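# Structural overview for review
Here is how the chains run, residue by residue.
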Amino acid sequence: MSRPSPRELLGFAVAGICAYAADLGLFIWLRGPVGLDPLTAKALSFVAGCSVAYAGNALGTYRSRSAGVSRLRQYAVFFAVNIAGALVQLLCIAVSHYGLGYTSQRADTVSGAGIGMALATVLRFWGTRTLVFRTAGRTADRTADRTSGRTAGTEASWTG
């Protein structure tokens, strides 16, 4: 797989920032004026944030990659990748708080929103690029190889 372009990194970051803003804004609204409990509010805001991130990546960053699979399947894989990212953040908090004994609010914030978010972002970028929007990207890479005069490989596709 090719290296990510600056445009791809910037597009992914913009989609992520918009998703974070949607997640946070909705969470605050659901917890405050709406009065939902924190877990329900977070679950709903997480789904909204995933939806914003998916839309930003599908319609922006990776719009030139037509995957040949349904958008619903793409979204399901994208959602799974984002759940894995959330689990990475929770794991960082658990290790720091319960494993290492750093129990202050600041330590929890650094481990979850700092270290955990950084690791989760790397996982989400990799997953989005290789699992969600992969099909057309690999096809485009092979096409680019052929048009540039390089051999794309001699292996047969799985479809025969």
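Nothing here was measured: the structure is a model prediction, and the numbers come from that model.

Inspection of the secondary structure puts Thr128 in helix α4 (residues 105-132). Of note is the side chain of Thr128, whose polar atom sits 2.8 Å from the backbone oxygen of Arg124. Every residue in contact with Thr128, bar those within four places of it in the chain, is listed here: Phe12, Asn57, Tyr62, Phe78, Val81 and Phe133.

Moving on, we come to the packing of aromatic side chains. Going through the model one piece at a time under the given rule, you end up with seven aromatic pairs. Note on Phe46 and Phe79: the rings are 5.7 Å apart at their centroids and 65° apart in plane angle, and the pair reads as edge-to-face. Of this pair, Phe46 sits in helix α2 (residues 38-61) while Phe79 sits in helix α3 (residues 71-99), placing them 33 residues apart in sequence. Assessed through its relative accessible area of 18%, Phe46 is described here as buried. Measuring from centroid to centroid gives 4.9 Å for Tyr62 and Phe133, while their planes differ by 15°, and the two rings are stacked. Here Tyr62, found in the loop between α2 and α3, pairs with Phe133, found in the loop between α4 and α5 (135-147); they are 71 residues apart in sequence, far enough to count as distant. When sorted by exposure, Tyr62 lands in the same class as Phe133, which is buried. Pairwise contacts between aromatic rings join Phe46, Tyr54, Tyr62, Tyr75, Phe78, Phe79 and Phe133 into one cluster.

Conventions adopted
- Residues numbered from 1 in each chain as written.
- Predicted model: local features only at pLDDT ≥ 70, side-chain atom pairs only at ≥ 80, totals over all residues.
- Heavy atoms only, no water.
- Helix = DSSP H or I, 4+ residues; strand = E, 2+ residues; numbered from the N terminus.
- Polar contact = N/O pair within 3.5 Å; in protein donor to acceptor, adjacent residues only side chain to side chain.
- Contact = heavy atoms within 4.5 Å.
- Phe/Tyr/Trp six-rings, centres within 6.5 Å; stacked < 30°, edge-to-face > 60°.
- Buried < 20%, exposed > 50% of the residue type's maximum accessible area, 1.4 Å probe, protein only.

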